[in-house]
Amino acid sequence: MWWAFVLVGSVHLLTISGEWNVTDHGEMLHMARRILTRGTFDLRSPGERLSGLPHWPSPSSRSPQRSRFVPGTPLTMVPLLALDQAFGWSDWENFGRIIHLHGELFVLGALVLVAWSVRAGGGSAHAAAAAVVLAGFSWPFWMIARRAGPEPVVAFLVALFVAGQIGAPKTTGGGANAASRAAWVRGLVCAVLPWVHATGPVVAVALVVAEALVAWRAAGSEPGRVRRTLLACTPVLLGVTLGLLSWLWLWNYLYHGSWWGGGYAQYRGDRFFRLHNPLIGFWRYGRDAAVQTPLLFLIAVLGWRKVARSAITDVALFLAAALIVFFSPFSSEEPARRLSPIVPALAVVVGLAWDRLRWSPIAARLLLAISIPIGDFWLFRLESFAPTRWGDFPPILWIRLADQGAPSWLTVVPVLVLIAVALFAIDRLNTSLRAGAMPDSN
């Protein structure tokens, strides 16, 4: 199973961006640097002049410039920035080097939780490896792995919620204690999500609704069903309430002076907040979610009835519906990035259904083999906007360094090593798949 992680990680590193290219992420990186170097969330002090992020409003000489983004994601960036600073790599324009592994680290962490959930739900190591490969090479996950930003953190938290929901035993004794701890972990996830990104509250509420539906079904039809449901949902209800109220009061009201707008109140005229036809947005988000994660969607649909009426199918369904409905009236830029939190839930559905679908070794190998070129197609189709002397390419660290005339030991050698590692991992996975089983030790 572990060769699946080696394969995904090596291919991701082959296409790592090594820089920030979305203004939102640049602002979060700057906020993280301010936390590390100045001990403040403010982007700049009154009258201080900074350059690099052109969308910022003109600074007031009497008040500090404050970020629209909540501090959860920047705080996760601080340790990596501190490492860059310790190695002397904290350049002003690109923030550093290690920091650009932020997305990859959280994506790999999410994939570890996906694999654990599949195994805890009764899936084989073979199925867990398939879930890791299919999720890792789906374009939404591949995309966010290349960048430092909030989406990998949100995806990791969703994967943690799913792991807590599907892996907790529902028995008595020690199992009951484990189930209780898992429930409070899910509550903690719901409390943290509003502090990670603006989509955090939407994701948290969707997870609570899914949890409530699971608890309602488990409560039976006898008298007291509502009370039993509320008791089962107490951790997530407390978590989402604490997260939402603390975010609204501490961040939006006390820090920014606007209960509902928070840091976004200063961007009311921004084009993102101009409403569009929600039907068009709904179509685009639904279409892109399907065509950019075709294998996950196809296998999830085929296997849905195999794991129907389970906690994980509810999470996947409500999360997809909530995000698509939320974003449909607004900007439709980069649907893959915005819908990436759905991937961990879909991947666990796929992993739990994999063995029950009884793929032949040839079919299983074929499905996993085509996942890489499908993801690679979207990489070059959607992100080839970085001009080089050889033409337009996606922002990839190794291509950029070669274009700048870096020595071969810094460009060719790492690429060859990563390709060799990826090919070796493919060979090991192929051997296991040909045998029709995936040994736990692999």
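Residues numbered from 1 in each chain as written. Predicted model: local features only at pLDDT ≥ 70, side-chain atom pairs only at ≥ 80, totals over all residues. Heavy atoms only, no water.

(A) Quick look at helix α3 (residues 72-86). Taking 1.5 Å per residue, 15 residues should reach 21 Å; α3 reaches 23 Å between its end C-alpha atoms and fits that length. Where α3 bends most, the angle comes to about 35°, and this point is Val 78, followed within four residues by the proline Pro 79. Of all the positions in α3, only Gly 72, Thr 73, Pro 74, Met 77, Val 78, Leu 80, Leu 81 and Asp 84 are classed as buried. Downstream of α3 by one or two residues, Gly 88 has phi in the positive range, about 75°. (Helix = DSSP H or I, 4+ residues; strand = E, 2+ residues; numbered from the N terminus. Expected span 1.5 Å × (residues − 1). Bend = angle between axes of the 7 residues up to and from the residue. Buried < 20%, exposed > 50% of the residue type's maximum accessible area, 1.4 Å probe, protein only.)

(B) Broad picture of a nonpolar patch on the surface. A cluster of nonpolar residues, Trp 249, Leu 250, Tyr 253, Leu 254, Trp 259 and Trp 260, forms a patch on the protein surface that exposes about 730 Å² of accessible area. Among the structural elements, Trp 249 can be located in helix α11 (residues 234-255). (Patch = residues over 30% accessible without salt bridge, like charges linked within 9 Å, V, L, I, M, F, W, Y side chains within 5 Å. Areas by Shrake-Rupley, 256 points an atom, 1.4 Å probe, with all protein chains shown as cover. Salt bridge = Lys/Arg side-chain N within 4 Å of Asp/Glu carboxyl O.)

(C) View of the environment of Arg 284. Among the structural elements, Arg 284 can be located in helix α12 (residues 278-291). Exposure remark for Arg 284: the relative accessible area of 30% places this residue in the partly exposed category. C-alpha separation for the pair Arg 284 and Pro 335, spaced 51 residues apart in sequence, amounts to 7.9 Å.

(D) Broad picture of the state of the cysteines. Within the structure shown, the criterion is met by zero disulfides. Free cysteine Cys 190: the closest other cysteine sulfur is in Cys 233, separated by 10.0 Å. Looking at Cys 190, the relative accessible area reads 0%, which means it is buried. What makes Cys 233 buried here is its relative accessible area of 3%. (Disulfide = S-S within 2.5 Å.)

(E) The packing of aromatic side chains, seen in detail. Applying the stated criterion to the full structure yields 16 aromatic pairs. Between the aromatic rings of Phe 106 and Phe 156, the centroid separation amounts to 5.8 Å while the plane-to-plane angle is 80°, which identifies the pairing as edge-to-face. Within this pair, whereas Phe 106 is found in helix α4 (residues 102-120), its partner Phe 156 is found in helix α7 (residues 150-167), the two being separated by 50 residues in sequence. A residue is classified by how much of its surface remains accessible, and Phe 156, at 25% relative accessible area, is partly exposed. Geometrically, the ring pair formed by Tyr 285 and Phe 327 is stacked, given 5.8 Å between the ring centres and 20° between the ring planes. Placement of Tyr 285 in helix α12 and of Phe 327 in helix α14 (residues 311-327) is noted, with a sequence separation of 42 residues between them. (Phe/Tyr/Trp six-rings, centres within 6.5 Å; stacked < 30°, edge-to-face > 60°.)

(F) The arrangement of the pattern of salt bridges in detail. Applying the stated criterion across every chain yields a total of twelve salt bridges. Glu 27 serves as the salt-bridge partner of Arg 68, at 3.7 Å between the closest nitrogen and oxygen. Of this pair, Arg 68 sits in the loop between β2 (65-66) and α3 while Glu 27 is found in helix α2 (residues 23-38), placing the two residues 41 residues apart along the sequence. The salt bridge involving Arg 337 is made with Glu 151; its shortest N-O contact spans 2.9 Å. Residue Arg 337 is found in helix α15 (residues 335-339), and its partner Glu 151 is found in helix α7; the two are separated by 186 residues along the sequence. As far as the burial class goes, Arg 337 and Glu 151 line up, both buried.

(G) Main features of unusual backbone geometry. For Phe 95, which is not a glycine, the phi torsion comes out positive at approximately 70°. When you line up the elements, Phe 95 lands in the loop between α3 and α4. Its identity as a non-glycine residue notwithstanding, Arg 358 has a phi of 55°, on the positive side. Inspection of the secondary structure assignment puts Arg 358 in the loop between α16 (342-357) and α17 (361-383).

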